[in-house]
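If you want the building blocks of each chain, they are given just below.
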Amino acid sequence: MEETSPSILWEDQRAQSIEEKVECLRRKLKYYFMNPCEKYHARGRKPWKLVLQIVKIAIVTIQLVLFGLSNQMVVTFKEENLMTFKHIFLKDYVDGGMDTYSIYKQADVYDHMDYIIAQYGLLHNITVGNHEYEKNGTSYTPLSLCQEFYRNGSIYPGTETLEIDAHVDTGNCSIYIYIYIYIYILGIYLPVLSSRLISVTFTFVVKAINLQTVRYRELPDCYDFTITFNNQAHSGRMKVDLETDVDINECKDWKVTGIYLTVMFDCLIVITCITSFALCTRSVIKGILLMLEYVQHCKVHSGKDVPWSDKIEFVSGWYILIIVSDTLTIIGSILKMEIQTKVLTSYDVCSIFLGTGTMFVWIGVIRYMGYFKKYNILIVTLRAALPNVIRFICCAGIIYISYCFCGWIVIGPYHEKFRTLNTVSECLFSLINGDDMFPTFKDMKHKSSLVWIFSRVYLYTFVSLFIYMILSLFITIITDTYDTVKQQQENGVPISDLQKFLSVCKDLPNSGVYRLEKSKGCLFSCCINR
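Residues numbered from 1 in each chain as written. Predicted model: local features only at pLDDT ≥ 70, side-chain atom pairs only at ≥ 80, totals over all residues. Heavy atoms only, no water.

## Some thoughts on the overall build of the chain
Part 1: Each helix and strand counted, the chain has 16 helices and eleven strands in total.
Part 2: A total of 530 residues make up the chain; the buried ones form 37% of that total.
Part 3: Long-range contacts, defined here as pairs at least 24 residues apart, represent 70% of the contacts in the chain between residues at least 6 apart.
Part 4: Split by element, the accessible area of the chain, about 31300 Å² in all, is 62% carbon and sulfur. (Helix = DSSP H or I, 4+ residues; strand = E, 2+ residues; numbered from the N terminus. Buried < 20%, exposed > 50% of the residue type's maximum accessible area, 1.4 Å probe, protein only. Contact = heavy atoms within 4.5 Å. Areas by Shrake-Rupley, 256 points an atom, 1.4 Å probe, with all protein chains shown as cover.)

Laid out in structure tokens, this is it:
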């Protein structure tokens, strides 16, 4: 028998070593793409990340509900105070009559102004709530009256002539009220009504404390109510508006027990989100390292580049979503703790962070539903249809914007729903969904026959184009993608080079080859411990 040369033996050992490395890479990749249950059977690793996400969903939802109830009390308190001031300062005010609350006679204008000043002086004696005047040191903040009028001008409607300077001047005067006494300083006069007068504004500050939050173990809020009465003269109708600018401040001297339980709960949420953030970031980094290893393998053994569609598979969008949600929840929780301790009062900013973070947390649950073939059809369909949907929306959006501009400039003066670009967009979007269609046609004013006919052509063409054509094509794109994905799942055909590479490995999760043992040198040295 001929002896086998050492070079042949070395080549066989080298080929066997390369094949073992390739098989090791396949197992690492296959383990990376397993679901938590399969990873448990493969290595006996308990799904702590899954448990953490479930716990996080529960506590974040509880946090959002508690903050929502607290925010609801704040909003209710502001709205009720606004209604209170309307009844106190607006003469003969009736609920729901703010849109038609106007003055038409000069005597009524002066009468209403006197009424405002008188009610402000008697506020402490007539209000049912805990309202007080703002006090700076030993003096109270005065009620101020401001006029806006054109600088110079003369208007003669009878002869249709006018000469006016469009520059607007502002004249200020302050009316100091003696607290608890209905009297104001002499020498302060009410504005003289003239053709140059644009508006008259009363401004004053009233303090109030919201005690509802104390029952929920939170610090009370102190509010600054800056109320402005705007009287604008238009065609003999002077409309009276009441507005409030509410600044929520920390009470200077407070003592309430049992308010830090919610702060401790928020700290627990921050710790949980930081842990989730660290675990998901670790998984993303390991996915990137595996991607680089797979790219290097393809270049060496097959000499071709890995397509972007396969590279994206290594960077899980669900991990990115969880990382973003954790970041938003951490920021929102910190803001919430500062609000509860009255360091900050940014309810709106905190609501945006907590609301968006909780939304992403719940959407992230779909990731674990996607591990089951009967439940992941939605996710796979959306992912496959996304490129075509984006291209379709870009084209349809151009047509939609063109209709918005056209409707705003032509129909706007004759239709309330087309007065601004925002309302035009909302109206057209409602029409696409078949909502509020008849009132949109009916509310068109018939003052100009030409514009009325144009509005009919405009609305009929928009409804026909978007409902019967564009919307149907959009549904067709989703339906075709769904049929394609469903057929691929039924046939089990790999649709990418990465899936073909992984399909060669037939080892089951419970086969034992994925366990990290010293006897399995390849897996011990090169498999990623995930």
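## Some details on helix α14 (residues 449-491)
Part 1: Given a rise of 1.5 Å per residue, 43 residues ought to cover 63 Å, and the 62 Å separating the end C-alpha atoms of α14 matches this to within 8%.
Part 2: The largest bend in α14 comes to about 35°, at Phe466.
Part 3: The complete set of buried residues in α14 reads Val451, Ser455, Arg456, Tyr458, Leu459, Phe462, Val463, Phe466, Ile470, Ile477, Thr481 and Val485. (Expected span 1.5 Å × (residues − 1). Bend = angle between axes of the 7 residues up to and from the residue.)

## Examining the environment of Ser496
Part 1: Along the chain, Ser496 turns up in the loop between α14 and α15 (497-503).
Part 2: Note: C-alpha distance between Ser496 and Ser309 (187 residues apart in sequence) is 8.2 Å.

## Things to note about the pattern of salt bridges
Part 1: Under the counting rule described, the total for this entry stands at five salt bridges.
Part 2: Here Lys336 makes a salt bridge to Asp266, at a shortest N to O gap of 3.1 Å. A residue pair is termed long-range when its members are at least 10 positions apart, and Lys336 in helix α8 (residues 317-340) and Asp266 in helix α6 (residues 261-301) qualify at 70 residues.
Part 3: What makes Lys336 buried here is its relative accessible area of 4%.
Part 4: Residue Asp266 is classed as buried on the basis of its relative accessible area of 0%. (Salt bridge = Lys/Arg side-chain N within 4 Å of Asp/Glu carboxyl O.)

## Points about the packing of aromatic side chains
Part 1: Per the counting criterion, the structure on display carries twelve aromatic pairs.
Part 2: With a centroid separation of 5.8 Å and an interplanar angle of 40°, the aromatic rings of Tyr294 and Phe314 are classed as tilted. One end of the pair, Tyr294, is in helix α6; the other, Phe314, is in helix α7 (residues 308-314), and 20 residues separate them in sequence.
Part 3: By relative accessible area, which is 3% here, Tyr294 ends up buried.
Part 4: Three or more aromatic residues joined by ring pairs form one cluster here, namely Tyr400, Tyr403, Phe418, Phe454, Tyr458, Phe462 and Phe466. (Phe/Tyr/Trp six-rings, centres within 6.5 Å; stacked < 30°, edge-to-face > 60°.)

## Remarks on the packing of helix α12 (residues 421-432) against α14
Part 1: Axis separation between α12 and α14 bottoms out at 9 Å; the angle between their running directions is 55°. On the basis of the axis angle, α12 is oblique to α14. In this structure, the crossing between α12 and α14 has a hand that is right-handed. Side by side, α12 and α14 meet where Leu428, Leu431 and Ile432 of the first sit next to Tyr458, Leu459, Phe462, Phe466, Ile467 and Leu471 of the second.
Part 2: In terms of residue class, the contact of α12 with α14 is made up of nine nonpolar, no polar and no charged. (Axes fitted to C-alpha atoms, helices over the stretch in contact; angles between N-to-C directions. Parallel < 35°, antiparallel > 145°, perpendicular 65-115°, else oblique. Left-handed = near helix turned anticlockwise from the far one by under 90°. Nonpolar A, V, L, I, M, F, W, Y, C, P; charged D, E, K, R; others polar.)

## Observations regarding unusual backbone geometry
Negative phi characterises most residues that are not glycine, and trans characterises most peptide bonds.
Part 1: Of note, Asp92 is a non-glycine position whose phi angle comes to about 60°, a positive value.
Part 2: Relative to the elements of secondary structure, Asp92 occurs in the loop between α3 (48-89) and β1 (102-103).

## Description of the nonpolar core
Part 1: Residues Tyr400, Phe418, Leu428, Tyr458, Phe462 and Phe466 are the most contacted members of the largest nonpolar core, which totals 23 residues.
Part 2: Contributing elements (two or more residues each) for this core: α11 (377-410), α12 and α14.
Part 3: Leaving out residues up to four positions away in the same chain, Phe418 has contacts with Gly407, Trp408, Ile411, Gly412, Thr423, Val424, Cys427, Leu428, Thr440, Tyr458 and Leu459.
Part 4: Residues Ile103, Met113, Leu143 and Leu145 belong to the second largest nonpolar core, which totals 22 residues. (Core = buried A, V, L, I, M, F, W, Y, C linked by side-chain atoms within 4.5 Å.)

## Things to note about the packing of α3 against helix α4 (residues 106-121)
When two helices pack together, their arrangement is given by the angle between the helix axes and by the axis-to-axis distance.
Part 1: α4 packs onto α3 with a crossing angle of 115° between their chain directions and a minimal axis gap of 9 Å. Contacts between α3 and α4 pair His87, Ile88 and Phe89 from the former with Tyr115, Ile116, Gln119 and Tyr120 from the latter.
Part 2: Looking at side-chain class alone, the contact of α3 with α4 contains five nonpolar, two polar and no charged residues.

## Focus on the confidence of the model for the chain
Part 1: Averaged over the chain, the pLDDT score is 76; the fraction of residues at 70 or greater is 74%.
Part 2: Per-element averaging of pLDDT across the chain places helix α16 (residues 521-526) at the bottom with 43 and α12 at the top with 92.
Part 3: For the stretch residues 178-189, pLDDT sits under 50, and the model shows 19 contacts to residues farther than four places along the chain or on other chains.
Part 4: A low-confidence stretch, residues 518-530 (pLDDT under 50), is modelled with 38 contacts involving residues beyond four sequence positions or located in other chains. (pLDDT = per-residue confidence, 0-100.)

## Some remarks on a nonpolar patch on the surface
Part 1: Taken together, the side chains of Met359, Ile363, Ile366, Met369 and Tyr375 define a hydrophobic patch exposed on the protein surface, amounting to about 440 Å² of accessible area.
Part 2: Secondary-structure elements contributing two or more residues to the nonpolar patch are α9 (347-363) and α10 (366-369).
Part 3: Among the secondary structure elements, Ile366 is positioned in helix α10. (Patch = residues over 30% accessible without salt bridge, like charges linked within 9 Å, V, L, I, M, F, W, Y side chains within 5 Å.)

## A look at the side chain of Asp326
Part 1: Within the fold, Asp326 resides in helix α8.
Part 2: A polar contact of 3.2 Å, which involves the side chain of Asp326, links it to the backbone nitrogen of Phe277.
Part 3: Apart from the residues lying within four places of it in its own chain, the contact partners of Asp326 are Lys56, Cys273, Ser276 and Phe277. (Polar contact = N/O pair within 3.5 Å; in protein donor to acceptor, adjacent residues only side chain to side chain.)

## Section: the environment of Ser351
Part 1: Following the sequence through the fold, Ser351 ends up in helix α9.
Part 2: On the accessibility criterion, Ser351 (24% relative accessible area) is partly exposed.
Part 3: Beyond its immediate stretch of four places on either side in the chain, Ser351 contacts Phe67, Asn71 and Thr356.

## Re the state of the cysteines
Part 1: Per the counting criterion, the structure on display carries zero disulfides.
Part 2: Between Cys395, a free cysteine, and Cys394, which holds the nearest cysteine sulfur, the sulfur-to-sulfur gap is 6.7 Å.
Part 3: Given a relative accessible area of 53%, Cys395 falls into the exposed group. (Disulfide = S-S within 2.5 Å.)

## Observations regarding α11
Part 1: For α11, the principal kink sits at Leu386 and spans about 50°; a proline, Pro387, occurs within the next four residues.
Part 2: For α11, the full list of buried residues reads Ile377, Ile379, Val380, Thr381, Ala385, Val389, Phe392, Ala396, Tyr400, Tyr403, Cys404 and Gly407.
Part 3: Where α11 is buried, its residues meet α8, α10, α12 and α14.

## Remarks on the side chain of Asp266
Part 1: Side chain to side chain, Asp266 and Gln63 meet in a polar contact 3.1 Å long.
Part 2: Among the polar contacts listed, one links the side chain of Asp266 to the side chain of Lys336, at a separation of 3.1 Å.
Part 3: Not counting residues within four places of it along the chain, the set of residues in contact with Asp266 comprises Gln63, Ser333, Lys336, Met337 and Gln340.

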